[in-house]
2 protein chains.
Amino acid sequence: MQETRLDTARIRAARQVIDPIFLDTPMYRCEALEPDLGCTVSIKLETANPVRSFKARGTELVASLLADNGSRAVVCASAGNLGQALAWSGRGRGLDVTVVASRFAPVAKLDRIRALGARLELVDGDFDLARERAATIARHDGIRLVEDSLDIETCEGAATIGLELVDTVPSFDAVLIALGGGALATGVGHVVKSLAPGVEVICVQPLGAPAMTHSWRRRRVVTTDSTDTIADGVAGRCPIPAVLDDLLLVADDAVLVRETSIIAGMRMLLDHAGLVVEPSAALGIAAILEDRDRFAGRHVVTIVCGSNVDVDAYHRWVGAAPIHRS
Amino acid sequence: MQETRLDTARIRAARQVIDPIFLDTPMYRCEALEPDLGCTVSIKLETANPVRSFKARGTELVASLLADNGSRAVVCASAGNLGQALAWSGRGRGLDVTVVASRFAPVAKLDRIRALGARLELVDGDFDLARERAATIARHDGIRLVEDSLDIETCEGAATIGLELVDTVPSFDAVLIALGGGALATGVGHVVKSLAPGVEVICVQPLGAPAMTHSWRRRRVVTTDSTDTIADGVAGRCPIPAVLDDLLLVADDAVLVRETSIIAGMRMLLDHAGLVVEPSAALGIAAILEDRDRFAGRHVVTIVCGSNVDVDAYHRWVGAAPIHRS
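Residues numbered from 1 in each chain as written. Chains lettered and ligands numbered in written order. Predicted model: local features only at pLDDT ≥ 70, side-chain atom pairs only at ≥ 80, totals over all residues. Heavy atoms only, no water.

*Asks:* Hey, could you run me through the relation of the copies chain A and chain B in this one?
*Replies:* The operation linking the two copies of the chain is a rotation about an axis combined with a translation along the axis. Structural alignment of chain A on chain B gives an RMSD of 0.0 Å, achieved by rotating through 180° and translating 0.0 Å along the axis. Here the two chains are linked by the operation of a two-fold rotation axis. (Least-squares fit on C-alpha atoms with pLDDT ≥ 70 in both.)

*Asks:* Explain the interface of chain A and chain B to me, please; I cannot follow it from the model alone.
*Replies:* One frequent convention defines the size of an interface as the accessible area lost when the parts assemble. In this complex, chain A contributes 33 residues to the contact, which on the side of chain B involves 33 residues. Carbon and sulfur atoms make up 51% of the area that chain A and chain B hide from each other, which totals about 2,700 Å². Inspection of the region where chain A meets chain B yields two salt bridges. Here chain A is connected to chain B by four residue pairs in polar contact (both at pLDDT 80 or more). Of all the secondary structure elements, the ones that give two or more residues to the side of chain A that touches chain B are strand 1 (27-29), helix 4 (81-91), helix 11 (259-273), helix 14 (311-318) and strand 11 (320-322) of chain A. When residues of the side of chain A that touches chain B are assigned to their parent elements, the largest contribution, five residues, is made by helix 11 of chain A. Residue composition of the side of chain A that touches chain B, grouped by class: 19 nonpolar, six polar and eight charged. (Contact = heavy atoms within 4.5 Å. Buried area = accessible area lost by both parts, 1.4 Å probe. Salt bridge = Lys/Arg side-chain N within 4 Å of Asp/Glu carboxyl O. Polar contact = N/O pair within 3.5 Å; in protein donor to acceptor, adjacent residues only side chain to side chain. Helix = DSSP H or I, 4+ residues; strand = E, 2+ residues; numbered from the N terminus. Nonpolar A, V, L, I, M, F, W, Y, C, P; charged D, E, K, R; others polar.)

*Asks:* So what exactly am I meant to see when it comes to the sheet that holds strand 3 (residues 73-78) of chain A here?
*Replies:* Two strands in a sheet stick together by hydrogen bonds in their backbones, pointing the same way (parallel) or opposite ways (antiparallel). Residue and element names in this part refer to chain A. Pairing is parallel across the open sheet formed by four strands, whose spatial order is 5-4-3-6. The strands lining the two open edges of the sheet, one partner per strand, are strand 5 (119-123) and strand 6 (144-146). Along the sheet, successive strands turn relative to each other by an average axial angle of 20°, direction set aside. Bridge count between strand 3 and strand 6: three bridges; the pairing is parallel. Along strand 6, the bridge assignment pairs Val75 with Leu145. Running over the sheet, helix 5 (residues 107-115) touches strand 4 (96-102) and strand 5 and is turned about 150° from strand 5. (Pairing = 2+ DSSP bridges. Axes fitted to C-alpha atoms, helices over the stretch in contact; angles between N-to-C directions.)

*Asks:* Can you walk me through helix 8 (residues 183-195) of chain A in this structure?
*Replies:* An α-helix turns once per 3.6 residues; consequently, residues spaced three or four apart project the same way. Residue and element names in this part refer to chain A. Its 13 residues give helix 8 an end-to-end C-alpha distance of 18 Å, which sits within 8% of 18 Å, the value for a rise of 1.5 Å per residue. The buried count for helix 8 comes to 11 of 13 residues, which makes it a mostly enclosed element. Buried residues of helix 8: Ala183, Leu184, Ala185, Thr186, Gly187, Val188, Gly189, His190, Val191, Val192 and Lys193, and no others. The secondary structure elements touched by the buried residues of helix 8 are helix 1 (8-14), helix 7 (152-168), strand 7 (174-178), strand 8 (200-206), helix 10 (241-250) and strand 10 (299-304). (Expected span 1.5 Å × (residues − 1). Buried < 20%, exposed > 50% of the residue type's maximum accessible area, 1.4 Å probe, protein only.)

*Asks:* Would you mind going over the pairing of strand 5 of chain A with me for this structure?
*Replies:* Across a regular strand the side chains alternate sides, sitting on one face of the sheet and then on the other. All names here are of chain A. Sheet topology places strand 4 next to strand 5; five bridges connect them, and they run parallel. Counterpart to Ser102 in the pairing with strand 5 is Val123. Taken together, strand 4, helix 5 and strand 5 form a β-α-β motif whose crossover is right-handed. (Right-handed = clockwise from strand over helix to strand, strands pointing away.)

*Asks:* Whenever I open this one, the environment of Ala211 of chain B confuses me. Can you help?
*Replies:* All names here are of chain B. Examined against the element boundaries, Ala211 turns out to sit in helix 9 (residues 211-218). With relative accessibility at 1%, the residue Ala211 sits in the buried group. Dropping the residues within four chain positions of it, Ala211 is found in contact with Gln205, Val222, Thr224, Gly236, Arg237 and Pro239.

*Asks:* Mind showing me how you'd approach the packing of helix 7 of chain A against helix 8 of chain A here?
*Replies:* For any two helices packed against each other, one specifies the inter-axial angle together with the distance between the axes. Residues and elements named next belong to chain A. It is at 7 Å that the axes of helix 7 and helix 8 come closest, and there the two elements cross at 40°. One element, helix 7, and the other, helix 8, form an angle in the oblique class. Our pair here, helix 7 against helix 8, has a crossing hand that is right-handed. Each of Thr154, Cys155, Ala158, Ala159, Ile161, Gly162, Leu163, Leu165 and Val166 in helix 7 lies in contact with helix 8, whose residues at this interface are Ala183, Leu184, Thr186, Gly187, Val188, Val191, Val192 and Leu195. Residue composition of the contact of helix 7 with helix 8, grouped by class: 13 nonpolar, four polar and no charged. (Parallel < 35°, antiparallel > 145°, perpendicular 65-115°, else oblique. Left-handed = near helix turned anticlockwise from the far one by under 90°.)

*Asks:* Explain the domain arrangement of chain A here, please?
*Replies:* Residue and element names in this part refer to chain A. Domain assignment breaks chain A into domain 1 (8-53 + 152-317) and domain 2 (56-146). Distance between the C-alpha centres of domain 1 and domain 2: 22 Å. The interface of domain 1 with domain 2 comprises 33 residues on the first partner and 26 residues on the second. Interface of domain 1 and domain 2: buried area, both sides summed, is about 2,200 Å²; carbon and sulfur atoms make up 55% of it. For the domain 1 face of the interface with domain 2, the top three residues by lost area are Val51, Glu153 and Asp310, together amounting to 25%. Where domain 1 touches domain 2, the interface holds seven salt bridges. (Domains from an automatic or database assignment.)

And the structure:
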């Protein structure tokens, strides 16, 4: 493998800096899912922690470095999960955290960012507009801008999941990774390709937000004008060139899935695994549902990367309507 | 503390025998629950494993000992979770597992017991009738009967949760434990009272299945004629004397909660923690809801002990009706 921006020794060292509450997350085979999927399925569960997503693995690194440098403030754009995680990590280290998000982000995510003490600024547009605004704030205030997937700490944090996969699962054939900005995919992909090169690294993105997948396929940055998916956590339009370069080195495939498959995946995880997940976390199951032949009889790991959903929207998606809630 | 049947050194040793997939489960503060509860709440999550409850900690011990002794078969009565766990642990060690359960147990639990390869026998009555039938099978076939809460391995397995609590949580004031047969309460209670005696051990049972709580309060076994609760996992009528003796030594209190509080607890765990739990696993939250003053400002740990629910019943309880499910 050619060299990515990541380094396995640095990723191992990162584990020392991340609050253990985010590490060594559950990893288990979920046989109840298997009759419908036709393959062996193991879940790596990143939702049972104070921010309900994997993102704090990266923000722990960022906030720790900032605190060591005597920094006082930090800003990021977020689809919702990075902002929560940075708010959590920053609060514990006395940092003033500003999060810029789309006003269309899930209310649950925005509420939690505020509840964790961050200053939340909403933009009347999507995640990529929030990125621009966060950059402006960083320049104006002279504070650190955290850019998800571009900043190496965000990738290294995510990559610690990869270490846990290769260190604990006896053997698996493929790992399915939600693809948004690319921190999770390049981080986990780097570790898997370095330490278990026979494992297939498959990135999964919604058909309604395909920019990075199109970019990976054409080996150059392809942007889109808009996104149309319930998977808010991965809905970007403007891939970052350096991240694409890494993704080209570590991903064996990038696939696009339909919204109906994402919903079916969420429903299966609820019905058969008892897991509430956000749409991005069901992308892996969706990919299996859309191509059972590809995975038949193989051992597939899917990273359940977040569970921050608006409850009413969730019920609507999985086919249960709220009634009579007090 | 006077001596219970448990021994902390044996409990530490038990960790070596239990598949690590069931150990070191997530333990985290859940701030999103706190505004409604008025106290600091940490969750010990026992649902993210192949059997979705804590019960395999005990069945791993049982099955391991049986396998070491060259045993071929084992039988237990189960409300549903022990049976799944014994089926899982027995399958991995080549044991023939028979589970006796009530035909009124949740379909999801019964289906999983069968799917894990156990022979399932249903009785036309409740858990205590299943206990009698399992004992008859054991005598007739000359095989080991696993009696939940009576058999020390089931308590020692549960007690490993206690070790993880006192070893990982910096400090907490009380632990809320679902009370059924008493394995979880006496196991965790023993460890907490041995290693962190200042922590209040509070057992929680439904008003509709109060036998053990009544027994604890009167310091003698009190049975009931029937049970009436959705918390199927803790619905016993006939407390075991030896378990009551231990409970009298380790429990600071035993409280009874209403069904409406259990449902409110399940809903809160879904809405604010993104967790699907079975009714027994919401007993701790229910106890806080019924007595906020008691817990105000304190740090309370609640063990979320299982997530095996029938999905349709679950939606009915938490206030969302299934529609249009394909």
